[in-house]
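Fold and geometry: a report
Each chain is listed here by its residues.
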Amino acid sequence: MTYYSQHSKVWVSVDCIIFGFDEGKLKVLIGRRQMDPGRGEWSLYGGFVAADENIDEAASRTLSELTGLRNLYMRQVGAFGSVDRDPGERVISIAYYALINVKDYDERVRMEHSVEWMDVNGLPKLYSDHNEMIRKALKLMRQKLRTEPIGFRLLPSLFTLTQLQRLYEAVNGEELDKRNFRKRIKDMDFIEKTELIDKTGSKRGAYLFRFNRKAYNEDPNFKL
């Protein structure tokens, strides 16, 4: 027996918004669309949901295909289903955002997929509603950053306090007072100071810090 034959079919896809932090700027991976409609337009990377997978699995698969990385931090942004959002067919897309350390992303994989990192503040017009997806993802990430230390997923395992401050500034789109920021950081037991020094910025150098997940899990009062 065939069910729902009286209803029209709708395609379901996922689109992945991959954020990275590099050179003091928050960036997102985009590339030229490789298929019609919209071939050649700037676009997020995505794909259709297969018959044997749920939407989270489809997003994880798509992220793995694009980055070669697994177990990435990934959160759903929401559904985008305007009737005319895709000129090809009636397509509803579920958007996800993910955070990666740019240094973990193999340049050969990036070139293979013809994608590039672009500053979120200087994005071109993207295919369909992809700009809207990024705006909503950025808003959600900013909210999450205030209550969870998700920013550490964008940094190397060892980082300076200046790098950490630049990250928060890039995500929130505003400058932070250095003394106030460091005072807050000092109160966070899960940010550990190491004996290692980074001398790439100056001869004197700056101490390197790291994120202590165990200490964070024991701290119920985190808020930045």
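Given the structure is predicted, the values throughout are model-derived calculations rather than measurements. (Residues numbered from 1 in each chain as written. Predicted model: local features only at pLDDT ≥ 70, side-chain atom pairs only at ≥ 80, totals over all residues. Heavy atoms only, no water.)

1. Some remarks on a nonpolar patch on the surface
A cluster of nonpolar side chains, namely Trp11, Met35 and Phe48, defines an oily patch on the protein surface of about 320 Å² accessible area. Looking at the element boundaries, phenylalanine 48 is found in strand β4 (residues 45-48). (Patch = residues over 30% accessible without salt bridge, like charges linked within 9 Å, V, L, I, M, F, W, Y side chains within 5 Å. Areas by Shrake-Rupley, 256 points an atom, 1.4 Å probe, with all protein chains shown as cover. Salt bridge = Lys/Arg side-chain N within 4 Å of Asp/Glu carboxyl O. Helix = DSSP H or I, 4+ residues; strand = E, 2+ residues; numbered from the N terminus.)

2. With respect to helix α1 (residues 55-67)
Over its 13 residues, α1 extends 18 Å from the first C-alpha to the last, a length consistent with the 18 Å expected when each residue adds 1.5 Å. All of the buried residues in α1 are Ala58, Ala59, Thr62, Leu63, Ser64, Leu66 and Thr67. With a side-chain oxygen lying 3.1 Å from the backbone nitrogen of aspartate 56, the N-terminal cap of α1 falls on asparagine 54. Directly after α1, the chain includes glycine 68, whose backbone phi takes a positive value near 75°. (Expected span 1.5 Å × (residues − 1). Buried < 20%, exposed > 50% of the residue type's maximum accessible area, 1.4 Å probe, protein only. Polar contact = N/O pair within 3.5 Å; in protein donor to acceptor, adjacent residues only side chain to side chain.)

3. With respect to the pattern of salt bridges
Applying the stated criterion across every chain yields a total of twelve salt bridges. A salt bridge links lysine 25 to aspartate 119, with the nearest nitrogen and oxygen atoms 4.0 Å apart. Here lysine 25, found in strand β2 (residues 25-32), pairs with aspartate 119, found in strand β7 (residues 115-119); they are 94 residues apart in sequence, far enough to count as distant. Here lysine 25 falls in the partly exposed class, since its relative accessible area comes to 40%. Relative accessible area serves as the criterion here: at 21%, aspartate 119 is assigned to the partly exposed category. Taking the shortest distance from any N to any O, the salt bridge between aspartate 129 and arginine 85 comes out at 2.8 Å. Of this pair, aspartate 129 sits in the loop between β7 and α3 (130-145) while arginine 85 sits in the loop between β5 (73-80) and β6 (91-99), and the two are 44 residues apart along the sequence. For arginine 85, a relative accessible area of 8% translates into the label buried. Each of Glu53, Arg61 and Glu65 takes part in one network of salt bridges that share partners.

4. Quick word on the packing of helix α4 (residues 161-172) against helix α5 (residues 178-186)
Running from N to C, α4 and α5 point in directions that differ by 105°, and their axes come no closer than 11 Å. Classified by the interaxial angle, the pair formed by α4 and α5 is roughly perpendicular. The residues of α5 that touch α4, namely those facing Leu161, Thr162, Leu164, Gln165 and Tyr168, are Lys178, Phe181, Arg182 and Ile185. (Axes fitted to C-alpha atoms, helices over the stretch in contact; angles between N-to-C directions. Parallel < 35°, antiparallel > 145°, perpendicular 65-115°, else oblique. Contact = heavy atoms within 4.5 Å.)

5. Re unusual backbone geometry
For residues besides glycine, phi is generally negative; the peptide bonds are generally trans as well. In the segment running from aspartate 36 into proline 37, the intervening peptide bond is cis, with an omega of -5°. On the secondary structure map, proline 37 appears in the loop between β2 and β3 (42-43). Even without being a glycine, tyrosine 4 presents a positive backbone phi close to 60°. Within the element layout of this structure, tyrosine 4 appears in the segment before β1 (11-22). Of note in this structure, serine 114 is not a glycine but carries a positive phi near 55°. Relative to the elements of secondary structure, serine 114 occurs in the loop between α2 (107-112) and β7.

6. Focus: the packing of α3 against α4
Relative placement of two packed helices is described by the angle separating their axes and the distance separating the axes. For the pair α3 and α4, the least separation of the axes is 9 Å and the interaxial angle reads 140°. With respect to each other, α3 and α4 are oriented oblique. Contact residues: α3 offers Leu138, Met141, Arg142 and Leu145, while α4 offers Tyr168, Val171 and Asn172. Grouping the amino acids of the contact of α3 with α4 by side-chain chemistry returns five nonpolar, one polar and one charged. (Nonpolar A, V, L, I, M, F, W, Y, C, P; charged D, E, K, R; others polar.)

7. Notes on the nonpolar core
Ile17, Phe19, Leu26, Tyr97, Met141, Leu164 and Ile191 are the most contacted members of the largest nonpolar core, which has 43 residues in total. Residues contacting isoleucine 191, with those up to four places away along its chain left out, are Phe152, Phe159, Leu164, Ile185, Phe209 and Arg210. Judged by nonpolar contacts, the second largest core, of 18 residues, contains Val14, Leu29, Met74 and Ile100. (Core = buried A, V, L, I, M, F, W, Y, C linked by side-chain atoms within 4.5 Å.)

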